[in-house]
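An overview of the molecular structure
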Amino acid sequence: MTSDISQLTAAELLENYRTRQLSPVEVTQDILDRSAAADAALHIFLAVDHTGALAAAKSAELEWSRRDSTTPPLCGVPISIKDTIEVDGMPTTYGSEAFKENNAPDSLVAARLRDAGAILFAKTNTPEFALVGATHNRLTDEGINPWDRTRTCGGSSGGSAAAVAACIGPISIGTDARGSIRQPAAYNGIVGFKPTFGVVPVVQRWRAAPLRSHVGPFARSIADIRTVMSVVAGSDDRDPMSTKLASPPQRNDWRRRTAALVIADESGSDDGQRVEAAEHAASLISATGWNVVTAILPIHPAETTTFDPTAFPYAPDHLAAVEALVQDFMKRSGHLLSDYARPVYERGATVSGLTYRQRLLEDTAFRARIQRWFEPYDLVITPACGAAPFLKQSSSESDFRFLKPFNTGHNPAVVIPWKLTNDGLPLGVQLVGRLGDDVSLLDTAELLMGVHPWHAKPPAQQHDQTGDDT
């Protein structure tokens, strides 16, 4: 057992519970003790449930004492959840002041985690309604990157990524509609997994991106990603978009597999250290026997490189999602919205059905194009992001161009930490799999992390776990 509880993965915690070297109460209390200081420094959380977490930890401890029982797969593992996913016992604000007192029953994801014995201890910070690539809203201070406190932790699942990077729990759950798991994972030097669309069903009151958003985990190891996915995946009739994992492709001979290295899309190429990281990953894949080729990523004909709230094409979805919770939402609560959210919701009321339908048709056509493009490949390797984390309180917007196409395409994708930049900031590499081939994708990610291990820690973690500036 490591001398530092905070550094343990979920798999290591479970082994320590099994051998009685640690107890769920001890681990949960440690996380709760450290969460306040870390949150004060990094603004990770929007709510922490001390009472509920300790009660769940005591139940988990009792479960582990029953040697004749089958212990649930996440029994006693503390997990935080992005505050766009509804969790009983804590407010679910969706990052909005308009919902700061909102309480909702468990979403299906939360319920499945609880049934697996997880301790849901906190809701993580997110931009309002998960709209932008940095974590700022009107509820709390801006989410900060634990590697450099002048920089963003990313978004929209930025609080979840920062929590795992800062070792405030081994696992967090986020959502990804255009890169919102993968970009923060890259920015914070951890693993972020976006499963095949629909593999994790979404059953909750609020859902603003029903055709693009994937629910998935953050962790510091692929083993923990697998364990979480074994719990939260699986179709549910209440989500008509949910699906079961497809059968893996039949090309099981490792030497016959083909990977595409993508460092350019149809708008041009990327450059610098991000490309070097992707090229290095491709070289390691090639060394294991894969055939590696280069390819150019298609781009959506109607997609823009930056987020423009006054022209957001999915504004009707967002307005419909809040109207399902609060009738006449804009009339009642529009004045509470942030500067970037208000134009989206105003636009939602004015976009014609014809315009919105045309966008959906364009998305459908692009999804088919992505799948045709992917046919020769078993794997795609890309830089995770077009740039390192930008400064907080910045008007900058992340470059999601290697990420967004696979939301529309619905493919599984994982970001793994790869190297530190010359400025000491994390760089990640994205691996993308065929539709439904989530298991093989995680196998490949685990292979790469085995031959190219990541041991770097944020500076504060190298010295102490208090969250103080050191």
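Residues numbered from 1 in each chain as written. Predicted model: local features only at pLDDT ≥ 70, side-chain atom pairs only at ≥ 80, totals over all residues. Heavy atoms only, no water.

Topic: the overall build of the protein
- Across its full length, the protein carries 15 helices and 15 strands.
- Taking 2.2 N^0.38 as the reference for a compact globule, 470 residues should give roughly 23 Å; the C-alpha atoms of the protein span a radius of gyration of 21 Å, in line with that estimate.
- Seen through its principal axes, the protein has C-alpha atoms that stretch 60 × 55 × 45 Å.
- When the 470 residues of the protein are sorted by exposure, 59% land in the buried category.
- Summed over its atoms, the accessible surface of the protein is roughly 17,900 Å², and 50% of this surface lies on carbon and sulfur atoms.
- Separation of charge centres in the protein, based on 44 positive and 55 negative side chains, amounts to 4 Å. (Helix = DSSP H or I, 4+ residues; strand = E, 2+ residues; numbered from the N terminus. Rg over C-alpha atoms; globule rule 2.2 N^0.38 Å. Buried < 20%, exposed > 50% of the residue type's maximum accessible area, 1.4 Å probe, protein only. Areas by Shrake-Rupley, 256 points an atom, 1.4 Å probe, with all protein chains shown as cover. Lys, Arg positive; Asp, Glu negative; His and termini not counted. Charge placed at Lys NZ, Arg CZ, Asp CG, Glu CD.)

Quick word on unusual backbone geometry
- Here the amide bond leading from Gly155 into Ser156 is cis, since omega sits at 5°, within 30 degrees of zero.
- Summarising the element assignment, Ser156 is placed in the loop between strand 5 (148-152) and helix 5 (158-165).
- Here Tyr94, not a glycine, exhibits a phi torsion of approximately 55°, which is positive.
- In the Ramachandran plot, Cys167 falls in the positive-phi region, its phi being about 65° despite a non-glycine side chain.
- Tracing the chain through its elements places Cys167 in the loop between helix 5 and strand 6 (171-176).
- Assessed through its relative accessible area of 4%, Cys167 is described here as buried.

Description of the confidence of the model for the protein
- Per-chain confidence: the protein averages 93 in pLDDT, with 94% of residues scoring 70 or above.
- Between residues 463-470, whose pLDDT stays under 50, and residues either more than four places distant or in other chains, the model counts 18 contacts. (pLDDT = per-residue confidence, 0-100. Contact = heavy atoms within 4.5 Å.)

What about the environment of Pro458?
- Mapping Pro458 onto the fold places it in the loop between helix 14 (438-451) and helix 15 (459-463).
- Look at Pro458 and you get buried, because its relative accessible area is 5%.
- Separated by 310 residues in the primary sequence, Pro458 and Asp148 have C-alpha atoms spaced 8.1 Å apart.
- When residues no more than four places from it in sequence are discounted, the contact partners of Pro458 are Pro146, Trp147 and Ala165.

Concerning helix 5
- With eight of its eight residues buried, helix 5 lies for the most part within the structure.
- For helix 5, the set of buried residues is Gly158, Gly159, Ser160, Ala161, Ala162, Ala163, Val164 and Ala165.
- Immediately downstream of helix 5, the backbone of Cys167 shows phi near 65°, a positive value.

Quick look at the packing of helix 8 (residues 273-287) against helix 14
- The contact between helix 8 and helix 14 brings their axes to 11 Å, and the two run at 100°. By the angle class used here, helix 8 and helix 14 are roughly perpendicular. Side by side, helix 8 and helix 14 meet where Ala281, Leu284 and Ile285 of the first sit next to Thr444, Leu448 and Val451 of the second.
- Here the residues of the contact of helix 8 with helix 14 are counted per class, giving five nonpolar, one polar and no charged. (Axes fitted to C-alpha atoms, helices over the stretch in contact; angles between N-to-C directions. Parallel < 35°, antiparallel > 145°, perpendicular 65-115°, else oblique. Nonpolar A, V, L, I, M, F, W, Y, C, P; charged D, E, K, R; others polar.)

Side note on the sheet that holds strand 13 (residues 379-383)
- Strand order across the open sheet formed by eleven strands is 1-3-2-6-8-7-14-15-13-9-12, with mixed pairing between neighbours. Each edge of the sheet is formed by a strand with only one pairing partner; in this case those strands are strand 1 (45-48) and strand 12 (291-294). Each adjacent strand pair in this sheet contributes to an overall mean axis angle of 25°, direction not counted.
- Examined bridge by bridge, strand 14 (residues 413-420) and strand 15 (residues 426-433) share seven bridges and lie antiparallel to one another. Bridge pairing in strand 15 places Pro417 opposite Gly428. (Pairing = 2+ DSSP bridges.)

Focus on the packing of helix 2 (residues 24-42) against helix 3 (residues 50-65)
- Contact geometry of helix 2 with helix 3 gives a least axis separation of 8 Å together with a crossing angle of 160°. As judged from the angle between their axes, helix 2 and helix 3 are roughly antiparallel. Between helix 2 and helix 3 lies a crossing whose hand is right-handed. Contacts from Pro24, Val25, Thr28, Gln29 and Leu32 in helix 2 reach His50, Ala53, Leu54, Ala57, Lys58, Ala60, Glu61 and Trp64 in helix 3.
- Among the residues forming the contact of helix 2 with helix 3, the class breakdown is eight nonpolar, three polar and two charged. (Left-handed = near helix turned anticlockwise from the far one by under 90°.)

Here's the deal with the pairing of strand 14
- Burial of strand 14 is extensive: six of the eight residues sit out of reach of the surface.
- Two strands pair when backbone bridges link them, and strand 7 (residues 191-194) and strand 14 are joined in this way by three bridges, in the antiparallel orientation. Its bridge partner lying in strand 14, Gly192 is registered against Val415.
- Counting the residues in the hairpin turn of strand 14 and strand 15 gives five residues, including Gly424, whose phi is positive at 80°.

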